[in-house]
Amino acid sequence: MCGITGYIGHKDAAPILLKSLKRMEYRGYDSAGISTIHKDKIIIKKDIGRIDSINEKIQLGEAEGKIGVAHTRWATHGGVTKENAHPHLSCNKEVILVHNGIIENYRKLLKGLSNNHNFQSQTDSEVISHLIEEEYNKLKDPIKTLQNISKKLNGSFALIVIFSDRANEIYGVRKYAPLIVGIGENENFISSDIVSFIDYTDNVIFLEDKEIVKVTQNSIEILNFDGDKITRDKTHVAWEAADISKEEFSHHTIKEIHEQSSTVKTALNQDKEEFEKFVNELLSGKNIFITGSGSSFHIALIFKKMLTKFVKSQVQAFLSSESEEYRELMDENSILIPISQSGETADLHEVIRNLKDKGVTILSIYNTIGSSLSRVSDISLNLNCGPEIGVAATKSFTSQLAIVYKIIFELGKVKDGNEKIEELSEQIKEIISNEKSLHEIIELLNESNDVYFLGRSIHHPIALEGALKLKELAYIHAEGMAAGEIKHGTLALVEEGTPAIIINPKDESYEDTMNNAIEMKARGAKIIGISVEDNEAYDYWIKIPKVDNILYPLIELIPLQLLAYYTAIRRKNNPDYPRNLAKSVTVK
Ligand code: F6R
């Protein structure tokens, strides 16, 4: 949830760290801070608010020094205050620390510390800096100190630590939260995310769980928690820095919505062998479990509905945060398909942990290159949609869906499957080019407190996704539901003018869904129909082009994304950084 980063090299660290923070702001944006060391002096600048406003106030980028760490926060333990913002210093200022994750046993650890510590914050993270200080004072050995302390911490964490008496070294520690080293020339980087240093280098080393790294200006040394030296090759990542700019768009979110006309095509570029292995595994007769969180869970639901028709084995889809009974069921005859944009979602990794020991085959679908998910999978398919910066999933969702289509077409032996998916590109453009026609509906949504999204069969997950987008971006209460379920509660909530968005392209669920729309209308709802043809039940009609039935979910989602984005703009919300949310949910 938080983003952490560190720099050591021949340049001033603070402007680089500031840029890194801006790049990682999607990970958390309630407070931020930078700490550098210059001529033995520790400089710390931190405050609450968005990075730009903090920088205007206290010039984060002007701290001197060629070594430093930085943090952008999404509060978990301790409220949003300047004191709780990172970096955290130990009492005698020997340890400077930034942390991403949650230390579950921090209260217990706190009790084990001597009474001499002076705490400045209410965070679990500050406890780590004091623990490290106590241990370091005994051992005077940074690596041994970090090994011992890391073994005591329960939970997920990535740490970047500077010992102020060793201002030529930065240390990183990883357990269940991402940490990546960027290898520069005469400079090195360490960060939660490649995007934070991609302007400077695209050569990286991915740390694994339970590893510690010592980084100097010209060296990188990795050890595991037991002190064994690890040799790891560097990886060259192909993402261009340009991918991260907003270009001519006012927000990343709308840029990413537009990008979908090309990303549905790039999703099809899969390594032939890996793709075939993936599909063959699905046909192997093993039981199939699909999981994800948020939008990725909605893809899991669609995937399950489609896959069930093509494989003989049982297919189940479940929320990663509700995995207990499914984990029990999985064994060596099971396949788990985790779906994730970031590849770092904590609940998802909680599902996967230890399953490999049980012999479960992991076939993943992910976006972030080098993410933890890609590295624990037996076979993985990458979305190839480039970095998604807007907090709400948009292009990653449709890329996931494009991959699901590719798999289903392969299983169904549809010869021109790829062409069919590629054709969606033009249809996406067509829908976006009509965005002005959404104006009146946006006004209606803007004035509403509750909005219902209805869909049946493969349109039900899209109803869930449409509602999620509206909640996230416009801050309007929205419920996505199976259209047939309105009689079981929802009709009691419908008032004169309540908007009901009916996802109803012309397929076998059309008549039943239309009846549900009419039932809503009879109770006063304003009906917004998303369909290939108009109907007298609709107060507003959003036209979508005619496509093969299976492809409608991708097409019908685009206007829902646009509605959420423009309603957010109408309400003066920042759609890239919705309040209280973070993109990469690395805590349970
Ligand atoms: C919704 C959204 C989140 C993510 C969820 C899973 O717009 O962005 O709900 O879908 O946090 O994230 P990943 O796919 O990275 O595992």
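Now for a look at the structure at hand. (Residues numbered from 1 in each chain as written. Predicted model: local features only at pLDDT ≥ 70, side-chain atom pairs only at ≥ 80, totals over all residues. Heavy atoms only, no water.)

What about the overall build of the chain?
- Looking only at helices and strands, the chain features 17 helices and 25 strands.
- Looking at the chain residue by residue over its 588 residues, the buried ones come to 60%.
- Here the contacts in the chain between residues at least 6 apart in sequence split such that 71% fall between residues at least 24 apart.
- Counting only carbon and sulfur atoms, one obtains 45% of the accessible surface of the chain, whose full area is about 22900 Å².
- Between the centroid of the 69 positive side chains of the chain and the centroid of its 85 negative side chains there is a distance of 3 Å. (Helix = DSSP H or I, 4+ residues; strand = E, 2+ residues; numbered from the N terminus. Buried < 20%, exposed > 50% of the residue type's maximum accessible area, 1.4 Å probe, protein only. Contact = heavy atoms within 4.5 Å. Areas by Shrake-Rupley, 256 points an atom, 1.4 Å probe, with all protein chains shown as cover. Lys, Arg positive; Asp, Glu negative; His and termini not counted. Charge placed at Lys NZ, Arg CZ, Asp CG, Glu CD.)

Remarks on the layout of surface pockets
- In this structure, the largest pocket encloses a volume near 530 Å³.
- Elements that contribute at least two residues to the lining of the largest pocket include exactly helix 8 (294–307), strand 18 (334–340), helix 10 (346–352), helix 12 (395–411) and helix 15 (460–474).
- If you tally residues by element for the lining of the largest pocket, the top one is helix 8, at 3 residues. (1 Å grid on protein atoms, 1.4 Å probe; cavity = no way out; pocket = protein on both sides within 12 Å on 5 of 7 lines; lining within 4 Å. Points joined across faces, edges and corners; volume = space filled by probe spheres on them.)

Side note on empty space enclosed by the protein
- All told, the structure shown has 2 cavities of 30 Å³ or more when counted by the stated rule.
- Tyr 26, Arg 27, Asp 193, Ser 342 and Thr 368 are, among the 21 residues lining the largest cavity, the residues nearest its centre.
- Tallied by class, residues from the lining of the largest cavity come to 8 nonpolar, 9 polar and 4 charged.
- One number sums up the size of the second largest cavity: a volume of about 60 Å³.
- Lining the second largest cavity, in full, are Cys 2, Arg 73, Trp 74, Ala 75, Thr 76, His 77, His 86, His 99, Gly 101, Thr 123, Asp 124 and Ser 125.
- Every element with two or more residues in the lining of the second largest cavity is listed here: strand 6 (95–103) and helix 4 (124–139).
- When grouped by side-chain class, the residues that make up the lining of the second largest cavity number 3 nonpolar, 7 polar and 2 charged. (Nonpolar A, V, L, I, M, F, W, Y, C, P; charged D, E, K, R; others polar.)

Some details on the side chain of Ser 31
- Assignment of secondary structure puts Ser 31 in strand 2 (residues 31–38).
- According to the relative accessible area criterion, Ser 31 is buried, its value standing at 1%.
- Side-chain polar atoms of Ser 31 contact the side chain of Asp 30, separated by 2.9 Å. (Polar contact = N/O pair within 3.5 Å; in protein donor to acceptor, adjacent residues only side chain to side chain.)

Quick notes on the nonpolar core
- Within the largest apolar cluster, 86 residues are counted, with the highest numbers of intra-cluster contacts made by Leu 282, Phe 303, Leu 307, Ile 337 and Ile 407.
- Not counting chain neighbours up to four residues away, the residues in contact with Leu 307 comprise Leu 282, Ile 288, Ile 290, Val 315, Ile 408 and Leu 411.
- The next biggest cluster of nonpolar side chains, apart from the first, holds 27 residues, and it includes Leu 21, Leu 60, Phe 189 and Val 195. (Core = buried A, V, L, I, M, F, W, Y, C linked by side-chain atoms within 4.5 Å.)

Observations concerning the sheet that holds strand 24 (residues 526–531)
- Strand order in this open sheet of 5 strands is 22-21-23-24-25, and the pairing throughout is parallel. The open sheet has two edge strands, strand 22 (477–482) and strand 25 (540–543), and neither has a second partner. With direction set aside, neighbouring strand axes in the sheet form an average angle of 20 degrees.
- Here 6 bridges tie strand 21 (residues 450–455) to strand 22, and the two strands are oriented parallel to one another. Bridged to Val 451 within strand 22 is Ala 478.
- Its contacts with the sheet put helix 15 on strand 21, strand 22 and strand 23 (499–503), and the angle it makes with strand 22 is roughly 175 degrees. (Pairing = 2+ DSSP bridges. Axes fitted to C-alpha atoms, helices over the stretch in contact; angles between N-to-C directions.)

With respect to the side chain of Ser 396
- Within the fold, Ser 396 resides in helix 12.
- For Ser 396, a relative accessible area of 1% corresponds to the buried category.
- Residues contacting Ser 396, with those up to four places away along its chain left out, are Gln 341, Leu 383, Cys 385 and Glu 388.

A short note on the pairing of strand 21
- Here strand 21 lies mainly inside the structure; 5 of its 6 residues are buried.
- Following the chain from strand 21 across helix 15 to the adjacent parallel strand 22, one finds a crossover that is right-handed.
- The pairing of strand 21 with strand 23 spans 3 bridges and is classified as parallel. In the strand pairing of strand 23, Tyr 452 is matched with Ala 500. (Right-handed = clockwise from strand over helix to strand, strands pointing away.)

Points about the packing of aromatic side chains
- What the rule picks out here adds up to 9 aromatic pairs.
- Ring geometry for Tyr 136 and Phe 163: centres 4.4 Å apart, planes at 40 degrees, overall tilted. With Tyr 136 in helix 4 and Phe 163 in strand 7 (residues 155–163), the pair connects residues that are 27 residues apart, well separated along the chain.
- A relative accessible area of 0% means that Phe 163 is categorised as buried.
- Ring geometry for Phe 163 against Tyr 171: centres 5.5 Å apart, planes inclined by 85 degrees, an arrangement best described as edge-to-face. For the pair shown, Phe 163 and Tyr 171 are each scored as buried.
- An aromatic cluster is built from Tyr 7, Phe 189, Phe 197 and Tyr 200, whose rings are joined through pairwise contacts.
- Stacked on the ring of Phe 275, the Lys or Arg Lys 406 has its end atom at 4.6 Å from the ring centre. (Phe/Tyr/Trp six-rings, centres within 6.5 Å; stacked < 30°, edge-to-face > 60°. Lys NZ or Arg CZ within 6 Å of the ring centre and 35° of its normal.)

Quick look at the pattern of salt bridges
- Tallied over the entire structure, the rule returns 32 salt bridges.
- What you see here is one network of salt bridges that share partners, running through Lys 22, Glu 25, Arg 50 and Asp 52. (Salt bridge = Lys/Arg side-chain N within 4 Å of Asp/Glu carboxyl O.)

Brief notes about helix 7 (residues 272–282)
- Residues of helix 7 that are buried include every one of Phe 275, Phe 278, Val 279 and Leu 282, and no others. Seen end-on, helix 7 carries its buried residues on one side only, within an arc spanning 90 degrees.
- On its buried side, helix 7 packs onto strand 16 (287–292), helix 8, strand 18, strand 19 (361–366), strand 20 (379–382) and helix 12.
- Its side-chain oxygen placed 3.2 Å from the backbone nitrogen of Glu 273, Asp 271 serves as the N-cap of helix 7. (Arc of directions from axis to C-beta.)

What about the packing of helix 7 against helix 12?
- Following both chains from N to C, one finds helix 7 and helix 12 inclined at 65 degrees, their axes separated by 11 Å at the closest point. In this view, helix 7 runs roughly perpendicular relative to helix 12, as classed from their interaxial angle. Helix-helix and strand crossings are classified by hand; for helix 7 and helix 12 the assignment is right-handed. Facing Phe 275, Phe 278, Val 279 and Leu 282 of helix 7, the residues of helix 12 in contact are Lys 406, Ile 407, Glu 410 and Leu 411. (Parallel < 35°, antiparallel > 145°, perpendicular 65-115°, else oblique. Left-handed = near helix turned anticlockwise from the far one by under 90°.)

Notes on unusual backbone geometry
- In this chain, His 86 is followed by Pro 87 through a cis amide linkage whose omega measures 0 degrees.
- Phi at Gln 59 takes a positive value of approximately 45 degrees, unusual for a residue other than glycine.
- Take Gln 59: it is sitting in the loop between helix 2 (51–58) and strand 4 (67–73).
- One non-glycine residue, Lys 413, lies in the positive phi region at around 55 degrees.
- Note on placement: Lys 413 falls in the loop between helix 12 and helix 13 (417–433).
- Relative accessible area serves as the criterion here: at 69%, Lys 413 is assigned to the exposed category.

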